[in-house]
Each structure stands twice: as C-alpha cells, then as structure tokens.
Amino acid sequence: MANDSKTWRCGKFELKFDRPRIMGVLNVTPDSFSDGGEHFDADAAIAYGLQMLDEGADIIDVGGESTRPGFTPVSADEEARRVLPVVRALAQKGAIVSIDTRHVDVAKAAVRVGASIVNDVTGFTDPKMVEFVKDSNCGVIIMHAGEPTEETPKRHTAVQLDTSAAAFVAEKARAAAAAAEAEAAAKAAKAAKGRRPGLKLGGLVQPQLPFGDLPNGSEAAEQEAAAKAAALAAAEAEKKAAEAEAAAKAAEEEARAVPANDELAAIMARSARRDAATGSTSQLRRFTLPDSAPIMRRVMGFLSDQARALIHAGVARDRICIDPGAGFGKDANEDIVIQRETAKLASLGYPLLCAVSRKRFVGAVSGVGDVHERDAATYGVCLGAIQLGANIVRVHDVRGFSQFLNGFWAIARPQPRRAFVALGSNLGKRAENIRAAKALIAEIPMTCVSSCSRIYESEPAYENRQDPFANAVIEIKTELAPLILLDELMKIENSMGRNRTKSARPNGPRIIDLDLLWMDGEVHGGDKLRLPHPYLGERDFVLVPLEDLMHDPARFFRYEGVDVKEPEDRVGHVVGELGSL
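Residues numbered from 1 in each chain as written. Predicted model: local features only at pLDDT ≥ 70, side-chain atom pairs only at ≥ 80, totals over all residues. Heavy atoms only, no water.

**Re the overall build of the protein**
If you tally the helices and strands in the protein, you get 18 helices and 18 strands. Evaluated residue by residue, the protein yields a buried proportion of 49% over its 581 residues. In the protein, once contacts between residues fewer than 6 apart in sequence are set aside, the share between residues at least 24 apart is 72%. Only carbon and sulfur atoms are counted for the fraction: they give 53% of the accessible area of the protein, which is about 28400 Å². (Helix = DSSP H or I, 4+ residues; strand = E, 2+ residues; numbered from the N terminus. Buried < 20%, exposed > 50% of the residue type's maximum accessible area, 1.4 Å probe, protein only. Contact = heavy atoms within 4.5 Å. Areas by Shrake-Rupley, 256 points an atom, 1.4 Å probe, with all protein chains shown as cover.)

In structure tokens form, the structure reads like this:
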C-alpha cells in the first residue's frame, strides 16, 4: 500500500496513492443520517468544506440527496439548487470536488461549475449517466448499492447438518423412546381387554395405579425425556421458520411501498427481499458470519461488469474508482464480510474507496448506538481497510482521522518525499535572514535540506513601493504531510519576527517569507494551503532559483499542470545575485 502504483485521473487533477487519500463528507441536506441539516445552508456548507480541506481532506464529496435507509427522494432541480453553489465555491479554491448524485442533470451541472469526480450511488446503471461521463474527463466512482435486477432468489427449505456425537446420541435416544412408547401402548391395550374399571375390596374401589408415571432414573424415563426435548427442538425450529416467513412478507410489503420510479430505492428493496428469503437459513448456520463467496461474487461481479461497460463505452480505465457500498442493500454481517475481503476488491486493479464512516455495522462491531460517537470505531475499520489495500477513505471527522492517519503513517510507512520551499526577505539583513531560515528548516522533524539555490535579488512583486527582495529556493526531503510541514514553516516565520497582524500589507515588506511550492505526489486546495502553489508559474524570483536545482523547471511544472508564463510575462524579475546559501 505504501507504494501503490495506481493513479486516478479526475479532470485536471491526478491523484497518486503513495499514501491513503481522505475524502471529506459534505451533505447539503436536511435529513442525512449523521449530519443532516448541519450544512444545509450554502454558506455554512462552503465554510465547512474549506475547514475540512484545512484539516487534511484531499477530496470533498458534496451530496444534495440523503440515501439513508427510508430516504425521501428529491428532484434533480432541488438537488442542483442545494449543491451547485457549494461545488463552484470549493472548486474555485482549488479543491478536488466529488459530486455525490444519481441524477445525470445534476452531474452535468456540477462538472460544468468545477466538480472533478462523479460519485454515482447506482453504479452507472443509467445509460444517460454513462453517455455523459464518456464525453467528459472527470473521475468516476462506481458504487454497489444492492441487487441491480428484479430477480429474487427462490425460497429454499432450511437444512441444518450436524454430525456431532451429541446429535447422534440424541437421535438414538429419540428412536428408543419411540419404540418404548409403542411397546407400552401395546401392552396397555392388551391388558385392558380383560380388566374391570376397578376392584372392590371390602366395599371400596381400588383406583388404577398410574403405571404411565415411571420412576425417576429409569431407562424408560430418560427415553421419554429425550423424546420431549426432541419435540421442543422441533417446535423451536418451526417457530424460527415462521418468523423468517413473516420477515419475508414484511419485506415484500415494504418493497411494494417503494416510491414510484425511484431506482435506488428499488435496488435496496430487492436486496432486502433477498435477505428475507434466505433469513431462515442464516438463523440456523453454525458460523458467526455468512459464507463470503456468494457475497463477494455478487459485489465484485457487479463492480467488474460496470467498470468494463464504462471502458467499452470510452471511459479511460485510470478514471475509474470502485466502492463496495457499505450499508447500501446489505446487513451488518455482509458489510463485515466485504470489509474483511478488501484485498480481493483491491486486486481488481482500480482505486478502491472505503466509505464506512459511522455506518450501522460500525456501531454493531463497536457497541456504539449513537451515530456521532462512532468516529473512533470508524478509524479502526478504515485502518483495517487501508492495510488490506484501500486507497481512499470517506469520513465525516476529517480532523480526527487525519491526525490518526498521520500518526500511523509516520511509524508504519517510511516515506521521504521531495518538496521545494521558496525563501524571501526584504527587511534587515536579507541574505542572513534567508540563511537563518534555511538552518531552521533543517531542524524540522523528519525533514532535511538536500540542496539549495543561490541567493538572488529581485524586483518587488505585486506591490512596488518597497525595497528589493532577496530570494532563494531549497529542495528538501520530508516525511511529514503537507499541512504539517506548512505549520512548521509558519512557526519558523513567527520565530523570526514575521508580522502577521492586520496592519501588515498582504504583499508588503517582511523579514522572512516561506512558501511551500510543490511536493511530490500532492495536490491540495483550500484557504490555508494550495499545492502546487497557485502563483508558482508567474514568479520569476521563484523560477530562476529553481534553475539551480533542476533542468528546465518550466517544462517540469507544466507537466505537473502548472501554467508557467514566459519570462517577459512574469512578476518579480531577478536583477542580480547576492551570494550562496
């Protein structure tokens, strides 16, 4: 997993999976199972999306229709009204935005305003959705939501096989009891032919003794007890079968109540009917979980078939991600089986999404009933999935899970990566400020400075009424996550006296300025950090020092998707050299 070679192309972005990626959940709905109503207002949803980016989310998954059990479908127009302002605002901040929808019109509008991923909970079973995504360049997520066809498995009589010694002894006891009972009945019938109802002794009637009541401990008594136990067991089995039949009828009635023409509700209802039809068998099984083979055939078969259908329609393979759909048309036991078989899903070769956050089965395995208290258990399930090959985890608590994952990854997955940091100063002893900052960067945990450019003098950029700047770029190797590294750089700025009060001009004089320009394999959006740096391609005072560290930086960063301007169109032109670092 630490060196997973899969890549996922999502519009203008390319996600690499040298580390797991975090997808933050943003439900712009009044009725979602976990956070319904909390971000229903567009401004609140935008603010929360930006917050999740600053907390470590790589992707924001925006949804405008709740798909919780018993959900109320909404029209495409209403869904679009909810999500489009949020998608547009987050995309403008450089975020990778996923639109969680099953309506093709909503998907089209969301991609048009900046969404890079279409997350279809019905698994692209709608030909119109397939037609749309084949002509776009967005990433796609195929999810398994339940039974895609109307066929319901035939009901079978439950059979329980038990070849244990106890079962053998019980069967022999039942046979012996039946034989003894038949023999006693025959003897009683024979004796009754010549017997009078009672025998007079001295004018009294002697009552007939209760020969049917055998003394305790006799062989016949033990046989009779075994026969009664067998009868009770048969009655219990009959009761369970009746309960299963009642459940099947209830599921059928619920299926008949599915909203008209709602495909997702129909898919999930078909799964409920399937579960009810096999309920009696599952009640009698001798194992804690159902057999994984039929479950995985069903889920993996659907995902593989839909992926091949998209590829044949013209969707590039590296645009496809798969999701087994935890909680959609599945009971808790099935969800646990699927999570344990994550390695099989990963072996299909597509990026794999683990979307289990706060789901019902997470509460079942942790014993936590309150949905909002299931985050810690969610971390555990997600970590298990990551260990087995999951590439993306979809969570509600981005801040907590990001801390959890960073802590685990630092110990379990050594992963030094290359990054570039720009240094600038135009107050005090400019060159000395840059050298001091470089020395402090070398002291950041899990980080080292591998090479340095020379120090250059450049014209001020964006605000001309100030002194010229001294600039340099250093190449570092780090094992820290980008947001953690950025925090360390800001600590260095503060320790050196950087003025961050409201009186400081945005592009005005500063004693030191440290910018994280680029990190290998990282794309990020938001207010706190943008990667690659949004102004990298227009700054001459950054691109010229980079020429000391690599061959043709303009070509390198253009390949990384950066719009690199020609020298005459750049800002902050380099005018001289000030020495070496």
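**A closer look at helix α2 (residues 76–92)**
Between its first and last C-alpha atoms α2 spans 23 Å; for 17 residues at 1.5 Å apiece the expected length is 24 Å, and the two agree. Maximum bend of α2: about 35°, positioned at Val 83, with proline Pro 85 one to four residues after it. Along α2, the positions that sit buried rather than exposed are Ala 76, Glu 79, Ala 80, Arg 82, Val 83, Leu 84, Val 86, Val 87, Ala 89, Leu 90 and Ala 91. Lining the buried residues of α2 we find β3 (21–27), α1 (42–55), β4 (59–63), β5 (96–100) and α3 (104–112). Phi turns positive, to about 85°, at Gly 94, one or two residues after α2. (Expected span 1.5 Å × (residues − 1). Bend = angle between axes of the 7 residues up to and from the residue.)

**Overview of the environment of Leu 516**
Within the element layout of this structure, Leu 516 appears in strand β17 (residues 513–519). For Leu 516, a relative accessible area of 3% puts it in the buried group. A sequence separation of 16 residues divides Leu 516 from Pro 532, and the C-alpha atoms of the two residues are 8.3 Å apart. Contact partners of Leu 516, with chain neighbours within four places excluded, come to Ala 419, Phe 420, Val 421, Pro 482, Leu 485, Leu 489, Leu 529, Leu 531 and His 533.

**A look at unusual backbone geometry**
A cis amide bond links Leu 531 with the next residue in sequence, Pro 532, at an omega value of -15°. Among the secondary structure elements, Pro 532 is positioned in the loop between β17 and α17 (540–546). With a phi angle near 60°, Arg 358 is a residue other than glycine that sits in the positive phi range. In this fold, Arg 358 is placed in the loop between β11 (353–354) and α12 (360–366). With a phi close to 60°, Met 446 is a non-glycine residue in the positive phi region.

**Section: the sheet that holds strand β10 (residues 320–323)**
Two pairing modes exist for strands in a sheet, parallel and antiparallel, and in both the strands are linked by backbone hydrogen bonds. The eight strands are arranged β10-β7-β6-β5-β4-β3-β12-β11 in an open sheet whose pairing can be described as parallel. Across the chains shown, the open sheet's two edge strands, defined by having one partner strand only, are β10 and β11. Pairing between strand β7 (residues 139–143) and β10: four bridges, direction parallel. Each residue of the ladder has a partner; that of Ile 141, found in β10, is Cys 321. (Pairing = 2+ DSSP bridges.)

**Focus: the packing of helix α9 (residues 292–313) against helix α10 (residues 332–340)**
One can describe the packing of α9 onto α10 by two numbers: an axis separation of 10 Å at closest approach and a directional angle of 80°. Taken together, the axes of α9 and α10 lie roughly perpendicular to each other. Across the interface between the two elements, Ser 292, Ile 295, Met 296, Arg 298 and Val 299 of α9 pack against Glu 334, Val 337 and Ile 338 of α10. A class-by-class count of the residues in the contact of α9 with α10 yields five nonpolar, one polar and two charged. (Axes fitted to C-alpha atoms, helices over the stretch in contact; angles between N-to-C directions. Parallel < 35°, antiparallel > 145°, perpendicular 65-115°, else oblique. Nonpolar A, V, L, I, M, F, W, Y, C, P; charged D, E, K, R; others polar.)

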